[in-house]
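If you want the building blocks of each chain, they are given just below.
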Amino acid sequence: MASSKKSIYSALAANLLIAVTKFAAGAISNSAAMVSEGVHSVVDTTNQLLLLLGLHQSKKKPDARHPFGYGKELYFYSFIVSILIFGLGGGVSIYQGINHIISPDVPGNPTWSYVVLCSSVLFEGTSFIISAKEFNKLRGDQTWWQAITNSKDPSTFLVLFEDGAAVIGLFMVMICLFIGHRYHLDYLDGVASLLVGLLLVGVSVILARESRSLLMGEGISQQTKARIAEIVEHDADVLKLIHILSTYQSPSEILLMLIIAFKPGLDTGQLNEAISRIRNRVKDEYGLIHFVIIQPDIYLDKISPDVQTYI
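What you see is a predicted model, and the numbers here were worked out from it, not measured in a lab.

Parameters and conventions
- Residues numbered from 1 in each chain as written.
- Predicted model: local features only at pLDDT ≥ 70, side-chain atom pairs only at ≥ 80, totals over all residues.
- Heavy atoms only, no water.
- Helix = DSSP H or I, 4+ residues; strand = E, 2+ residues; numbered from the N terminus.
- Rg over C-alpha atoms; globule rule 2.2 N^0.38 Å.
- Buried < 20%, exposed > 50% of the residue type's maximum accessible area, 1.4 Å probe, protein only.
- Areas by Shrake-Rupley, 256 points an atom, 1.4 Å probe, with all protein chains shown as cover.
- Lys, Arg positive; Asp, Glu negative; His and termini not counted.
- Charge placed at Lys NZ, Arg CZ, Asp CG, Glu CD.
- Salt bridge = Lys/Arg side-chain N within 4 Å of Asp/Glu carboxyl O.
- Axes fitted to C-alpha atoms, helices over the stretch in contact; angles between N-to-C directions.
- Parallel < 35°, antiparallel > 145°, perpendicular 65-115°, else oblique.
- Left-handed = near helix turned anticlockwise from the far one by under 90°.
- Nonpolar A, V, L, I, M, F, W, Y, C, P; charged D, E, K, R; others polar.
- Pairing = 2+ DSSP bridges.
- Contact = heavy atoms within 4.5 Å.
- Disulfide = S-S within 2.5 Å.
- Patch = residues over 30% accessible without salt bridge, like charges linked within 9 Å, V, L, I, M, F, W, Y side chains within 5 Å.
- Phe/Tyr/Trp six-rings, centres within 6.5 Å; stacked < 30°, edge-to-face > 60°.

Trainee: Please explain the overall build of the chain as it appears in this structure.
Mentor: Across its full length, the chain carries 10 helices and 3 strands. Its helices and strands in sequence order give the chain the pattern α-α-α-α-α-α-α-α-β-β-α-β-α, from N to C terminus. Here the C-alpha radius of gyration of the chain, 26 Å, is well above what a compact globule of 311 residues would show, namely 19 Å. Structurally, the chain occupies a C-alpha span of about 90 × 40 × 35 Å along its principal axes. The buried share of the chain, reckoned over its 311 residues, is 48%. Surface summary for the chain: the accessible area is close to 15300 Å², and the carbon and sulfur share equals 63%. A gap of 4 Å separates the mean positions of the 24 positive and 27 negative side-chain charges of the chain.

Pasting the structure below:
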């Protein structure tokens, strides 16, 4: 979580510094692309603030209304961020781009635009490098894409995607601005804005997909399930692990429910002891599993046909 905050703070500082200068340069040079980049930076700044709010809210203690805590607050705010990138970032940029392609304005002096773009590449690039380094520490032996799809902390890859999109968008604007000014192709300013918008829409779709999966209750991996089944069925009082239900409450908290068929002949005390023993073994092996709910079924032949399909 500390690495997530480091990435977010670095991105927040970069976007805050750049947003105002982009708008000023866009107004001076009459560039729709620069204004779109300014909107992009404002959206990114808002996103970082929302992620920090989500991280803060997810740390709230459990209460009567939320007995499993507030961990999913982070997933909620991450999903809101992806919608903002789509609506404000991508939508506004595409709208401005189309308008300036249909009715291109004669751009003014691009000098300030170049200055701001170069400065932005420096700041955004620095933020992206910090984000990439922090994410690289977390991904281990996985590929970058595997690490993103397997990550349960959206704050890590959200900042990475935002910064990456920002750097690519800046180069798009810089190239279109140079060619348009060099060959007097005024409509290229609108093309740059349109490309930035399409880039942001693409990024938002990927981020929304990942955040939605976590918000809807993504569970543990098949590898983890297999290991938990091994732990449970190794117990002397267990006949069969029937089913595993799980969901991530937050990046650091998992809720686990086990439906277990215990051997016949166990009295209440033995059954409670077995349940406690299994719960402790699972929690000792997996520190992220904070809640283990065990539903016993002593006689396997009394299990309904629907549940038996999992055996």
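Trainee: Sorry if this is basic, but what is going on with the pattern of salt bridges here?
Mentor: Opposite charge on two side chains lets them pair, provided their charged atoms get close. Counting across every chain of the model gives 9 salt bridges. The salt bridge involving Lys152 is made with Glu218; its shortest N-O contact spans 2.2 Å. Taken together, the residues span a long stretch of sequence, with Lys152 in the loop between α5 (144–150) and α6 (154–183) and Glu218 in the loop between α7 (188–215) and α8 (222–233) at a distance of 66 residues. Here the two residues Lys152 and Glu218 agree in accessibility, since each one is buried. Across the pair Glu210 and Arg209 runs a salt bridge, and its minimum N-O distance is 2.2 Å. A relative accessible area of 53% means that Arg209 is categorised as exposed. Connected through shared salt-bridge partners, Asp235, Asp237, Glu273, Arg277 and Arg281 make up one network.

Trainee: It is not clear to me how the packing of helix α3 (residues 73–102) against α7 should be interpreted in this structure. Could you clarify?
Mentor: Any two packed helices are characterised by how steeply their axes cross, that is the angle between the axes, and by the distance between the axes. Look at α3 against α7: their axes get within 7 Å of each other, and the N-to-C directions meet at 160°. One element, α3, and the other, α7, form an angle in the roughly antiparallel class. Viewed along their axes, α3 and α7 form a crossing whose handedness is left-handed. Grouping the constituent residues of the contact of α3 with α7 by class yields 18 nonpolar, 13 polar and 2 charged.

Trainee: Quick question: what am I supposed to make of the sheet that holds strand β2 (residues 253–262) here?
Mentor: Backbone-to-backbone hydrogen bonds join strands into a sheet, with any given pair of strands oriented parallel or antiparallel. On the basis of which strands lie adjacent, the open sheet formed by 3 strands has the order β1-β2-β3 and mixed pairing. Since the sheet does not close on itself, it has two edges, and those belong to β1 (238–250) and β3 (289–297), each with one partner. Averaged over neighbouring strand pairs, the angle between their axes works out to 15° when direction is ignored. Against the sheet, α8 engages β1, β2 and β3, with an angle of about 140° to β1. Of the strands in this sheet, β1, β2 and β3 touch helix α9 (residues 268–285), which is tilted by about 145° from β3.

Trainee: Where do I start with the state of the cysteines in this structure?
Mentor: What we call a disulfide is simply a covalent bond connecting the sulfur atoms of a pair of cysteines. Scanning all chains against the criterion turns up 0 disulfides. Here Cys118 stays unpaired: no disulfide links it, and the sulfur of Cys176, its closest cysteine neighbor, is 15 Å away. Of the residues examined, Cys176 reaches a relative accessible area of 11% and is grouped as buried.

Trainee: How do you make sense of a nonpolar patch on the surface when you look at a structure like this?
Mentor: On the surface, a cluster of nonpolar side chains totalling about 510 Å² of accessible area is made up of Phe171, Ile175, Phe178, Ile179 and Tyr183. Along the chain, the position of Ile179 falls in helix α6.

Trainee: Quick question: what am I supposed to make of the environment of Leu194 here?
Mentor: Turning to its location among the elements, Leu194 is positioned in helix α7. What Leu194 contacts, discounting residues up to four positions off in sequence, is Ser93, Ile94, Gly97, Ile98 and Ile101.

Trainee: What should I look at first to understand the environment of Leu215 in this one?
Mentor: Within the secondary structure layout, Leu215 lies in helix α7. For the pair Leu215 and Tyr75, spaced 140 residues apart in the sequence, the C-alpha separation amounts to 5.3 Å. Once residues within four sequence positions are removed from consideration, Leu215 is found in contact with Lys72, Tyr75, Phe76 and Phe79.

Trainee: Mind showing me how you'd approach the packing of α6 against α7 here?
Mentor: Where α6 contacts α7, the axes come no closer than 8 Å and their chain directions differ by 170°. One finds that α6 runs roughly antiparallel with respect to α7. Residues Pro154, Phe157, Leu158, Phe161, Ala165, Ile168, Gly169, Met172, Val173, Cys176, Ile179 and Gly180 of α6 lie in contact with α7, whose contacting residues are Leu188, Ala192, Leu195, Val196, Leu199, Leu200, Val203, Ile206, Leu207, Glu210, Ser211 and Leu214. Looking at side-chain class alone, the contact of α6 with α7 contains 20 nonpolar, 3 polar and 1 charged residues.

Trainee: Any chance you could explain the packing of aromatic side chains here in plain terms?
Mentor: Here a ring pair, both rings aromatic, is described through the centre-centre distance and the interplanar angle of the planes. One pass over the structure, following the stated rule, counts 3 aromatic pairs. A ring pair is formed by Phe68 and Phe291, whose centres lie 5.1 Å apart and whose planes are at 85°; its orientation type is edge-to-face. Residue Phe68 is found in the loop between α2 (32–58) and α3, and its partner Phe291 is found in strand β3; the two are separated by 223 residues along the sequence. Given a relative accessible area of 31%, Phe68 falls into the partly exposed group. A residue is classified by how much of its surface remains accessible, and Phe291, at 22% relative accessible area, is partly exposed. Aromatic side chains Phe135 and Trp144 sit 5.7 Å apart centroid to centroid with 25° between the ring planes, which places their arrangement in the stacked category.

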